[in-house]
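What the coordinates show
This is what each chain is made of:
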Amino acid sequence: MSNHVESNHTVESAVKKYFNLKEMPHIVRTLDRNQKIHSDILNVIGNTPLVKLSKIPKDEGLKCEMYAKCEFLNPGGSVKDRIAYRMVLDAEQRGVLQPGKSVIVEPTSGNTGIGLALAAAVKGYRCIIVLPEKMSDEKVNTLVALGAEIIRTPTEAAWDDPESNIMVAHRLSKEIPDAVILDQYNNVCNPLAHYDGTAEEILWSMDDDVDMVVMGAGTSGTVSGVAHKIKERCPKCQIVGADPYGSILAQPENLNESDVQVYEVEGIGYDFLPGALDRTVIDKWVKTEDKTSLEMARRLIKDEGLLCGGSSGSAMWAAVQAARSLKEGQKCVVLLPDNIRNYMTKFISDQWMEARHFKPLVKKDNLSWWEKPVSEDIVQPVKSIPHDTSLSDALATLKETRAPVLTVVNDKGSAVGLLTADNVRKRVVNLSGCASASDGLDKYIIKKYYKVDLAHQPTLGLVSRMLDVAPYVIVVKTDASTNNQRPIGLLTSEDLLVYVSTEKKHMNGN
Ligand code: P1T
């Protein structure tokens, strides 16, 4: 017991020492966006506009005033430009980073990567970014355009799994000469950049008078850094953190294994507590989910003209819940972390939203087949292989059947994923030579894919929407008593067209 008390005490004093932000060296920029000429693009980071919201607060019946801090207008497209640049400047000052020599390696959900790649492009560093597969291809393309090298890791890997983006980055940093991990999860320049920048700007815009600030939490540098400064200057202000279901940041105690899950919104939530999180300065947490977050992000775009990303929707949704307690004349600021650009093929697309059940299926009254349920007889059979098949045997089966895909099933015959040659190739390339034919299948399986369940009577319209964003749709049937998802087969555009044309023939009496 006394040991426990002592270790708690040690942890608390370490956190206090880390968050001694007031006493650290500061870089506070002049609060002016109208400088005529900037020395380089990095100088344009920060000083983002604060914009009053009109339609959403009114539609939600809120009494208070709501303002959006438009971090998506940073040059790299996100709030993370601030910390990336700050960590680089600090490491250069300490002599840890040397232009032309050092190699920046960082695990990230992408935006810190873009910020670092931007700094690396301007300053002349090689930059290697390690990010989970969940993160959008748009982020990857931006990173590649900035000259970064990319390594992708399995989304499901826990933070301490050797295959997670964090562990792979640390392994690489040991293997590559002159590699440096700036480590956004623990680097104090992360909260410090927000203490000196983001929070100063919010306070300046609000004349030091604000009642609530709402921010999503990932590394939690934004929420912790902003909170520290705002608590000093405007102690009445409530700090609200938005944390997705599936993450442990809001409730690290009494966790069940099922509390850690994969969700769509990028950049927020973790399965560990980063050093850059100070829970003592966060007054309230709001748990968020994909559907309402992404719907809200689309409303911010459509109703307010703010071209932001998915986590902006999470923060705004959390703000709408929390701000119900505010009265007329009180002020709530919500921070919008990143840009629409990162998600052009994801939640911005109606088809993507409908295929993932985040939006009701579009109606097509002129198509007689649109509302018809999928029937088993139009489904192409697919071969299933047991999950303990070796990679080489699975590849041999793929080749033999000449099928685009195999379903992988567990001992009970329930589908656990898909195997495609394309995904194996991508993983082999990403694992940089660590793949071997005797490997188990697990790391080559696609676990998230488009599927319909005959038990739920999916419509052909839904299949068609899915085929807009995927080459095929897997068909399964869930057994009500065992909950096993038996794979039935797949549907392609061809299968759908064959059905539609034969249906027409029937209707014409042929
Ligand atoms: O890391 P934090 O300051 O808590 O910001 C959270 C956040 C919110 N929204 C988006 C879109 C983000 O990308 C992030 C954080 N991003 C990273 C941790 C990253 O590596 O890009």
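Residues numbered from 1 in each chain as written. Predicted model: local features only at pLDDT ≥ 70, side-chain atom pairs only at ≥ 80, totals over all residues. Heavy atoms only, no water.

Some remarks on the nonpolar core
To keep it simple, the criterion reads: Residues belong to a common nonpolar core when they are buried Ala, Val, Leu, Ile, Met, Phe, Trp, Tyr or Cys residues joined through side-chain atoms within 4.5 Å. Three exposure classes are used, based on accessible area relative to the maximum for each residue type with a 1.4 Å probe and protein chains only: buried under 20%, partly exposed in between, and exposed over 50%. Helix and strand labels come from DSSP, where a helix needs a run of H or I of at least four residues and a strand needs a run of E of at least two; each type is numbered from the N terminus. What fixes the domain bounds is an automatic or database domain assignment. Should any heavy atoms of two residues lie within 4.5 Å, those residues are considered in contact.
Core analysis: the biggest nonpolar cluster contains 61 residues, and Met66, Met316 and Cys332 have the highest contact counts within it. The element contributing the most residues to this core is helix H10 (residues 310-322), with six residues. When residues of this core are sorted by domain, at least three fall in each of domain 1 (50-74 + 195-343) and domain 3 (359-507). Each residue touching Met316, except ones within four places of it in the same chain, is listed here: Leu53, Ile56, Met66, Met296, Leu300 and Val334. Ile166, Ile239, Tyr270 and Phe272 belong to the second largest nonpolar core, which has 29 residues in total.

Observations regarding the sheet that holds strand E16 (residues 485-491)
Our working definition: Whether two strands pair depends on DSSP finding at least two bridges between them. Note on definitions: angles span 0 to 180 degrees between N-to-C directions of axes, and those axes are lines fitted to C-alpha atoms, for helices only across the stretch in contact.
If you trace the three strands from one edge of the open sheet to the other, you get E14-E15-E16, paired in mixed fashion. Edge positions in the sheet fall to strand E14 (451-453) and E16, since each has one partner strand and no second. With direction set aside, neighbouring strand axes in the sheet form an average angle of 30°. When E14 meets strand E15 (residues 473-478), the two strands line up parallel, connected through three bridges. In the strand pairing of E15, Val452 is matched with Val475. Across the sheet, helix H14 (residues 460-469) lies against E14, E15 and E16, angled at about 165° from E14, the strand it touches most.

Considerations on the environment of Val333
In this fold, Val333 is placed in strand E10 (residues 331-336). In this structure the C-alpha to C-alpha distance between Val333 and Met316, which are 17 residues apart in sequence, comes to 9.5 Å. Discounting chain neighbours no more than four positions away, the residues touching Val333 are Leu50, Tyr67, Lys69, Ile202, Met206, Val210, Met212, Val213 and Val214.

Re the site of the ligand
Stated precisely, the cut-off is as follows: Residues are labelled near a given molecule or strand when at least one of their non-hydrogen atoms is within 4 Å of it. Definition of a polar contact: a pair of N or O atoms within 3.5 Å, with one able to donate and the other able to accept a hydrogen when the atoms are protein atoms, and with sequence-neighbouring residues admitted only if both atoms are side-chain atoms. In this analysis the probe radius is 1.4 Å and the grid spacing 1 Å, with only protein atoms considered; a cavity is a set of points the probe fits into but cannot get out of, a pocket is an open set with protein on both sides within 12 Å along at least five of seven lines, and lining residues have an atom within 4 Å of a point. Any molecule with more than half of its atoms within 2 Å of a cavity's or pocket's grid points is counted as sitting in it. Residue polarity is assigned by list, with Asp, Glu, Lys and Arg as charged and Ala, Val, Leu, Ile, Met, Phe, Trp, Tyr, Cys and Pro as nonpolar; anything else, Gly included, falls into the polar class.
The environment of the ligand is formed by 21 residues, the closest being Thr108, Gly218, Thr219, Thr222 and Ser311. Interatomic distance of 2.8 Å between a side-chain N/O atom of Gln184 and an oxygen atom of the ligand. Of all the cavities here, the one that holds the ligand is the largest cavity. At the level of secondary structure, the elements contributing two or more residues to the shell around the ligand comprise helix H4 (111-123) and helix H8 (221-233). Residues that form the shell around the ligand fall into these classes: four nonpolar, 14 polar and three charged. Residue contributions to the shell around the ligand reach at least three from each of two domains, namely domain 1 (50-74 + 195-343) and domain 2 (80-180).

What to know about the pattern of salt bridges
Note the following rule: Counted as salt bridges are all cases of a side-chain nitrogen of Lys or Arg within 4 Å of a carboxyl oxygen of Asp or Glu.
Within this structure, the stated rule accounts for 36 salt bridges. Its salt-bridge partner being Arg425, residue Asp422 comes within 2.7 Å of it at the nearest N-O pair. Here Asp422 and its partner Arg425 are both found in helix H13 (residues 421-430), three residues apart, which amounts to about one turn of the helix. The exposure class assigned to Asp422 is partly exposed, which follows from its relative accessible area of 39%.

Some points on empty space enclosed by the protein
As a reminder of what qualifies: Grid points are joined across faces, edges and corners, and a volume is the space filled by probe spheres set on the points.
Scanning all chains against the criterion turns up two cavities of 30 Å³ or more. By volume, the largest cavity amounts to about 280 Å³. Together, 25 residues line the largest cavity, and Val79, Lys80, Gly267, Ile268 and Pro337 are the ones closest to its centre. Its residues assigned to classes, the lining of the largest cavity comprises eight nonpolar, 13 polar and four charged. In terms of domain composition, the lining of the largest cavity takes at least three residues from each of domain 1 (50-74 + 195-343) and domain 2 (80-180). Taken as a whole, the second largest cavity holds about 60 Å³ of empty space. Lining of the second largest cavity is provided by Glu264, Val265, Glu266, Leu294, Gly310, Tyr343, Lys346, Phe347 and Trp352. Grouping the constituent residues of the lining of the second largest cavity by class yields five nonpolar, one polar and three charged.

Structural notes on the layout of surface pockets
Size it by volume and the largest pocket reaches roughly 1300 Å³. If you go around the largest pocket, you meet 33 residues; those closest to its centre are Glu133, Arg356, Lys426, Ile446 and Lys448. Only helix H5 (137-145) and H13 provide two or more residues apiece to the lining of the largest pocket. Sort the elements by how many residues they give to the lining of the largest pocket and H13 lands first, with five residues. Its residues assigned to classes, the lining of the largest pocket shows 13 nonpolar, six polar and 14 charged.

Observations regarding the environment of Lys284
Mapped onto the elements of the fold, Lys284 is located in strand E9 (residues 284-288). Each C-alpha atom, one on Lys284 and one on Leu307, is 27 Å from the other, the two residues being 23 residues apart in sequence. With residues near it in sequence (within four places) discarded, Lys284 still touches Ile239, Val240, Gly241 and Ala322.

A look at the packing of helix H3 (residues 80-93) against helix H7 (residues 189-205)
The test is simple: Each angle gets one of four labels, with under 35 degrees taken as roughly parallel, over 145 as roughly antiparallel, 65 to 115 as roughly perpendicular, and the rest as oblique. It is the rotation of the near helix from the far one that decides the hand of a crossing: anticlockwise by less than a right angle makes it left-handed, clockwise makes it right-handed.
For the pair H3 and H7, interaxial distance at closest approach is 8 Å and the crossing angle is 125°. It follows that H3 is oblique to H7 by the angle criterion. Between H3 and H7 lies a crossing whose hand is right-handed. Contacts from Lys80, Arg82, Ile83, Arg86, Met87 and Asp90 of H3 reach H7 at Cys189, Asn190, Leu192, Ala193, His194, Asp196, Gly197, Thr198 and Glu201. Taken together, the residues that form the contact of H3 with H7 break down as five nonpolar, four polar and six charged.

Considerations on the domain arrangement of the chain
It is common to give the size of an interface as the accessible area lost on bringing the parts into contact. Along its sequence, the chain is organised into domain 1 (50-74 + 195-343), domain 2 (80-180) and domain 3 (359-507). Put simply, the middle of domain 1 and the middle of domain 3, counted by C-alpha atoms, are 37 Å apart.

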